[in-house]
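In case you want the letters, here they are:
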Amino acid sequence: MRSKLVSSGFRLLLLAFLCFIIFLGDRVGVTFTYPHQGLYDNVYVRMAKSVLLLLIVIELLRVWYYGIIKNPTPPRLLTPITAFLVPTVLVLVLLEIGFMFIGQSHEGNIPLASTIWFERYWKPMTADNYRDEPKQDTTGKRKILVVGDSFTAGHGLKSVDDRYGNVLAQKLGPSYTVYNLGISGSDTRDEYARLTKFAVKPDVLVLQYFPNDIERVAADFGLKPAAFRPYSDLPHPLVSLFMRSYLFNYLYWQFPHGNFAPFDEYARKAYFTPSIINTHLQDLNQFITYGQQRHIPLYLVVFPFSHNLEKTASYTKPIVALFRQNKVPVLEVGSIIGDMPPADRVVGRNDGHASVEVNRRVGEALFQLIKNTK
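Here goes a summary of the coordinates provided.

Reading the values: rules and limits
Residues numbered from 1 in each chain as written. Predicted model: local features only at pLDDT ≥ 70, side-chain atom pairs only at ≥ 80, totals over all residues. Heavy atoms only, no water. Helix = DSSP H or I, 4+ residues; strand = E, 2+ residues; numbered from the N terminus. Rg over C-alpha atoms; globule rule 2.2 N^0.38 Å. Contact = heavy atoms within 4.5 Å. Pairing = 2+ DSSP bridges. Axes fitted to C-alpha atoms, helices over the stretch in contact; angles between N-to-C directions. Buried < 20%, exposed > 50% of the residue type's maximum accessible area, 1.4 Å probe, protein only. Polar contact = N/O pair within 3.5 Å; in protein donor to acceptor, adjacent residues only side chain to side chain. Parallel < 35°, antiparallel > 145°, perpendicular 65-115°, else oblique. Left-handed = near helix turned anticlockwise from the far one by under 90°. Phe/Tyr/Trp six-rings, centres within 6.5 Å; stacked < 30°, edge-to-face > 60°. Lys NZ or Arg CZ within 6 Å of the ring centre and 35° of its normal.

Scanning the protein from N- to C-terminus turns up 14 helices and seven strands. Taken over C-alpha atoms, the radius of gyration comes to 26 Å for the protein, far larger than the 21 Å a tight globule of 374 residues would show. Counting only C-alpha atoms and orienting by the principal axes, one finds that the protein spans roughly 90 × 50 × 40 Å. Across the protein, contacts joining residues at least 24 apart in sequence account for 77% of those joining residues at least 6 apart.

This is the structure:
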């Protein structure tokens, strides 16, 4: 019996070393490289973690069985303690393994469940790292480029077919090819740079706008939103546990953290500071000039803060005015989703990106806009 305990102890030491490398290896400079590292949480890494945890549980059960159950003289104090700890640890480990394979979309890519969601749904991908189907035969077809950020890329949508750009493509039919140039986190300057670098030149251009597109310009003038520090509301000894455990990380992100009010105040300052908004309008005017010089029809789609459509409209009023003054058709999404309950406008309570229904309405409204201005 003693030999069995010794062998289990030796195996537990080896497994503990492997666990340290795979769970905490970054602390000693050990990292794993795989495609889309940092965006996708590789399923094989999670499978390896699951196997290691299961092996450790098996060895612990073996120690408990031979050290307590089969021991004719078990330690009196340890018997009731292990009777509670063993099933508790077993349940926690099984839950941890289960949550390694539960995905959930969030505003950003911080939660572990979000990285699982991205790995599972963020496809297809082109060679240019756009979430889009590679285009094959486009000969003779009119080309539409839809340029934007995460709303265009379809953050939170499990299928690319649900995005407003894809809805537009389906409505337009086979004589058009729609290219999706949506990148999460992109702003006006980045969007224009990507437009000019893209190999395909459009016959029609759609620009999608969201009120955080002003952030880079505002930063140039020293105005930055209040930094969001995840896990800062936890006691310091628990931070690492909640960052690395899939179970506790998932539970943590089911509750609100942070406050939108500081960003709301930041947006108000950014849009109502003349030097910031005027510089931002100059950046946006590049899209207007791009279309005018090439005689390309341009359309603007403005997505609002889903929780407050009226406030968004007050912020984006000068942006809308600029494009309309230059004869650019504008689709203000807030005007077509006002009848929807706020919860139905978003993909989930942890993700404020546009829902499937909002994307459907935007795609159909954009189709009508293009159809009526041909």
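On we go.
What follows covers the pairing of strand E7 (residues 351–354). Remark: a regular strand shows side chains that alternate across the two faces of the sheet. Sheet analysis places strand E6 (residues 346–348) next to E7, joined by two bridges and oriented antiparallel. Looking at the pairing, Gly 348 lines up with Asp 351 of E7. Linking E6 to E7, which pair antiparallel, is a turn of two residues.

Moving on to the sheet that holds strand E2 (residues 176–182). Pairing is parallel in the open sheet, where five strands are placed in the order E2-E1-E3-E4-E5. Either end of the sheet is taken by a strand with one partner, and the two such strands are E2 and strand E5 (330–332). The average angle at which neighbouring strand axes cross in this sheet is 15°, direction not considered. As defined by bridge partners, strand E1 (residues 142–148) adjoins strand E3 (residues 204–209) across four bridges and the pair is classed as parallel. Opposite Ile 144, over in E3, you have Val 204 as the bridge partner. Running at roughly 155° to E1, helix H7 (residues 188–197) makes contact with E1, E2 and E3 of the sheet.

So, about the environment of Tyr 164. Tracing the backbone shows Tyr 164 in helix H6 (residues 164–172). In this structure the C-alpha to C-alpha distance between Tyr 164 and Val 362, which are 198 residues apart in sequence, comes to 5.7 Å. In contact with Tyr 164, other than residues within four places in its own chain, are Val 146, Phe 151, Thr 152, Gln 208, Phe 303, Asn 359, Val 362, Gly 363 and Leu 366.

Counting along an α-helix, one turn takes 3.6 residues, and residues three or four places apart therefore face a common direction. Where H6 is concerned, the buried positions are Tyr 164, Gly 165, Asn 166, Val 167, Leu 168 and Leu 172. Considering only its buried residues, H6 is in contact with E1, helix H5 (150–153), E2, E3 and helix H14 (356–372). Positive backbone phi, at 90°, marks Gly 173, one or two positions downstream of H6.

Within the secondary structure, Asn 249 is located in helix H10 (residues 246–252). Of the residues examined, Asn 249 reaches a relative accessible area of 1% and is grouped as buried. Polar contacts involving the side chain of Asn 249 include one to the main-chain carbonyl oxygen of Phe 242, which spans 2.8 Å. In contact with Asn 249, other than residues within four places in its own chain, are Pro 111, Leu 112, Ala 113, Tyr 231, Phe 242 and Met 243.

Relative placement of two packed helices is described by the angle separating their axes and the distance separating the axes. For the pair helix H1 (residues 2–24) and helix H2 (residues 43–69), the least separation of the axes is 10 Å and the interaxial angle reads 155°. With respect to H2, the axis of H1 lies roughly antiparallel. Judged by the twist between their axes, the crossing of H1 over H2 is left-handed.

A few words on the packing of aromatic side chains. Scanning all chains against the criterion turns up 22 aromatic pairs. Ring centres of Tyr 130 and Phe 198 lie 6.0 Å apart, and the angle between their planes is 80°; this geometry places the pair in the edge-to-face category. Residue Tyr 130 is found in the loop between helix H4 (112–121) and E1, and its partner Phe 198 is found in the loop between H7 and E3; the two are separated by 68 residues along the sequence. Classification of Tyr 130 by relative accessible area gives buried; the value is 6%. Measuring from ring centre to ring centre gives 5.6 Å for Tyr 164 and Phe 303, while their planes differ by 50°; the resulting arrangement is tilted. Placement of the pair is Tyr 164 in helix H6 and Phe 303 in the loop between strand E4 (298–302) and helix H13 (309–325), with a sequence separation of 139 residues. Every member of this aromatic cluster is reached through a ring pair, and the members are Phe 151, Tyr 164, Phe 210, Tyr 271, Phe 272, Phe 303, Phe 305 and Tyr 315. The ring centre of Tyr 290 lies 3.9 Å from the NZ or CZ of Arg 294, which sits over that ring.

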